[in-house]
Amino acid sequence: MTALYVLDVPENTTVAKVAAESGATVGKVGPYFEITADGPIVIDRRATGCRHAVWYSCVAGVADGKIVQHDKNALQVDPA
Amino acid sequence: MALEHKVRGVDHAAFPTFDPAGTVRFYRDVLGFPVVHSICAAGWGPENHPDFIHFFFDIGNDDRLAFFYYFGLEPQHTQQRGDVYAGFGPEVPEFFVRSRHLAIHVDDEADLLEYRRRLDVSEWPVEMQIQHETIESIYTHDPNGYMVEFTRAMRPVTPQEDLDANLTIDALIDVVTAPDPSFGKLLARKAELIVERADWEAAQV
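Conventions used here
Residues numbered from 1 in each chain as written. Chains lettered and ligands numbered in written order. Predicted model: local features only at pLDDT ≥ 70, side-chain atom pairs only at ≥ 80, totals over all residues. Heavy atoms only, no water. Helix = DSSP H or I, 4+ residues; strand = E, 2+ residues; numbered from the N terminus. Rg over C-alpha atoms; globule rule 2.2 N^0.38 Å. Areas by Shrake-Rupley, 256 points an atom, 1.4 Å probe, with all protein chains shown as cover. Lys, Arg positive; Asp, Glu negative; His and termini not counted. Charge placed at Lys NZ, Arg CZ, Asp CG, Glu CD. Patch = residues over 30% accessible without salt bridge, like charges linked within 9 Å, V, L, I, M, F, W, Y side chains within 5 Å. Salt bridge = Lys/Arg side-chain N within 4 Å of Asp/Glu carboxyl O. Buried < 20%, exposed > 50% of the residue type's maximum accessible area, 1.4 Å probe, protein only. Domains from an automatic or database assignment. Contact = heavy atoms within 4.5 Å. Buried area = accessible area lost by both parts, 1.4 Å probe. Polar contact = N/O pair within 3.5 Å; in protein donor to acceptor, adjacent residues only side chain to side chain. Expected span 1.5 Å × (residues − 1). Arc of directions from axis to C-beta. 1 Å grid on protein atoms, 1.4 Å probe; cavity = no way out; pocket = protein on both sides within 12 Å on 5 of 7 lines; lining within 4 Å. Points joined across faces, edges and corners; volume = space filled by probe spheres on them. Nonpolar A, V, L, I, M, F, W, Y, C, P; charged D, E, K, R; others polar.

Peer 1: Break down the overall build of chain B for me, citing the residues and quoting the values.
Peer 2: Along the backbone of chain B there are five helices and ten strands. In summary, chain B has a C-alpha radius of gyration of 21 Å against a globular reference of 17 Å for 205 residues, an excess of more than 25%. For chain B, the spread of C-alpha atoms along the three principal axes comes to 60 × 45 × 40 Å. Of the roughly 12,600 Å² that chain B leaves accessible, carbon and sulfur atoms contribute 56%.

Written out as structure tokens, the structure is:
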């Protein structure tokens with residue numbers, strides 16, 4: 001199970017929302033969103049509405065996975 | 001057990017200048033920072049120390065920005081990039097040259113725009129205005145080439161961000177004290193720390 005952690009602050013809430021709409025499971029661990037999936041986690045940047053500074057600093061942690069894309073279009077975490 | 005935190009901000013940060021007239025124009029006349037202290041000192045010591053003026057501007061909060069002007073001292077490097085203290089050749093990437101800077105805090109957007117207005121009518125107009133993660137900043141370079149930023153918080157920092165910062169630093173130290181540090185390793189280590197600690201630390205904030 002791949003897990004992506006995102007701190008729950010106002011700028012990041014749409015990241016978790018878009019992840020959930022894309023089929024990932026979104027829970028909470030302490031003050032973090034825990035976004036999990038059996039396969040790849042893909043989040044469309046434009047759907048999040050995040051400005052670039054927020055987008056490129058929204059990832060707090062990645063467990064059992066690897067970021068294979070993090071650019072102006074999308075963030076994708078594949079299983080390790 | 002945290003050590004008691006007793007310091008009270010910046011007393012002064014000091015920089016050399018070869019252009020005291022421009023420096024006073026920029027900080028006192030354009031920005032409106034009062035001159036609050038100055039020392040006229042005859043050179044002394046074993047190194048042929050030049051005579052110098054050490055002068056201070058109030059940057060708010062009783063904190064001060066200070067300059068040294070040394071009579072008769074020639075510039076100490078001939079590089080085209082950087083500032084009068086540190087010069088860089090064409091091989092040095094721009095992000096590195098721009099990494100060292102002074103950021104001065106203002107209360108709100110109105111004050112940020114007021115300093116933008118003062119700079120934009122001067123010889124040193126604002127070069128960029130950027131909304132970062134949670135702060136908004138304007139930037140220019142002073143007459144000595146030092147990068148100066150004015151910044152305002154777009155919202156208060158929350159307790160969970162302080163917690164996250166501490167997890168980042170613990171993960172960073174673990175990663176940089178092991179071979180081949182990378183961003184991917186930091187995020188993996190931080191995920192471990194989040195799972196280990198986030199619950200009980202969150203309960204404390």
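Peer 1: I'd like a description of the overall build of chain A, backed by residues and values.
Peer 2: For chain A, the helix and strand inventory stands at three helices and seven strands. Secondary structure elements in chain A, listed N-terminal to C-terminal, are β-α-β-β-β-α-α-β-β-β. The C-alpha atoms of chain A give a radius of gyration of 11 Å, which matches the 12 Å a tight globule of 80 residues would have. Overall, the C-alpha framework of chain A stretches about 30 × 25 × 20 Å when taken along its three principal axes. Accessible surface, chain A as shown: approximately 3,500 Å² in total, 51% of it carbon and sulfur. The positive charge centre, built from 7 side chains, and the negative charge centre, built from 9, are 9 Å apart in chain A.

Peer 1: Go over a negative patch on the surface with me, naming the residues and quoting the values.
Peer 2: Together, Asp107(B), Asp108(B), Glu109(B) and Asp111(B) line one region of the surface with negative charge. Accessibility expressed as a relative area gives 34% for Asp108(B), which makes it partly exposed.

Peer 1: Hey, could you go over the pattern of salt bridges for me, with residue numbers and the actual values?
Peer 2: Side-chain pairs of opposite charge can arise whenever the charged atoms involved come near each other. Enumeration according to the criterion identifies 19 salt bridges over all chains in this entry. One salt bridge connects Glu21(A) with Lys17(A), and the closest N-O pair in it is separated by 3.2 Å. Highlighted residues: Glu21(A) and Lys17(A), both in helix H1 (residues 13–21), separated by four residues, approximately one helical turn. The two residues Glu21(A) and Lys17(A) agree in class, both being exposed. Between Arg189(B) and Asp174(B) there is a salt bridge, with its nearest N and O atoms 2.7 Å apart. Linking Arg189(B) in helix H5 (residues 183–204) with Asp174(B) in helix H4 (residues 159–176), this pair joins segments that are 15 residues apart in sequence. The exposure class of Arg189(B) is partly exposed, given its relative accessible area of 23%. Look at Asp174(B) and you get partly exposed, because its relative accessible area is 34%. Because the salt bridges share partners, they merge into one network encompassing Glu11(A), Arg155(B) and Glu161(B).

Peer 1: Got a sec to walk through the domain arrangement of chain B? Specific residues and values, please.
Peer 2: Split by domain assignment, chain B resolves into domain 1 (12–88 + 95–153) and domain 2 (159–204). Each of domain 1 of chain B and domain 2 of chain B has a C-alpha centre, and these two points are 35 Å apart.

Peer 1: I'd love a proper account of the interface of chain A and chain B, names of residues and values included.
Peer 2: Each partner contributes to the interface: chain A provides 20 residues, whereas chain B provides 21 residues. Interface area for chain A against chain B, summed over the two sides, is near 1,600 Å², with a carbon-plus-sulfur share of 63%. Inspection of the chain A/chain B interface yields one salt bridge. Where Arg155(B) meets Glu11(A), a salt bridge forms, and the shortest distance between an N and an O atom there is 2.7 Å. The tally of links from chain A across to chain B stands at seven residue pairs in polar contact (both at pLDDT 80 or more).

Peer 1: Tell me about helix H3 (residues 109–120) of chain B, and name the residues and values.
Peer 2: All names here are of chain B. Over its twelve residues, H3 extends 16 Å from the first C-alpha to the last, a length consistent with the 16 Å expected when each residue adds 1.5 Å. Burial in H3 covers these residues: Leu112, Tyr115 and Leu119. In an axial view of H3, the angular spread of the buried residues amounts to 65 degrees, which keeps them on one side of the axis. If you follow the buried residues of H3, they end up packed against helix H1 (20–30), strand E8 (128–131), strand E9 (135–141) and strand E10 (147–153).

Peer 1: I'd like a rundown of empty space enclosed by the protein, residues and numbers included.
Peer 2: Residue and element names in this part refer to chain B. Taken as a whole, this structure holds one cavity of 30 Å³ or more when the rule is applied. A volume near 40 Å³ is recorded for the largest cavity. Contributing to the lining of the largest cavity are Phe15, Tyr27, Leu65, Phe67, Leu102, Tyr146, Met147 and Val148. A per-class count over the lining of the largest cavity returns eight nonpolar, no polar and no charged.

Peer 1: Describe the layout of surface pockets, listing the residues and the values that go with them.
Peer 2: Here the largest pocket is characterised by a volume of approximately 490 Å³. Surrounding the largest pocket, 23 residues form its lining, Leu7(A), Ser57(A), Cys58(A), Glu133(B) and Asp164(B) being those nearest its centre. Residue assignment for the lining of the largest pocket shows that the elements contributing at least two residues are H4 and H5 of chain B. With five residues, the single largest contributor to the lining of the largest pocket is H4(B). Residues that form the lining of the largest pocket fall into these classes: twelve nonpolar, four polar and seven charged.

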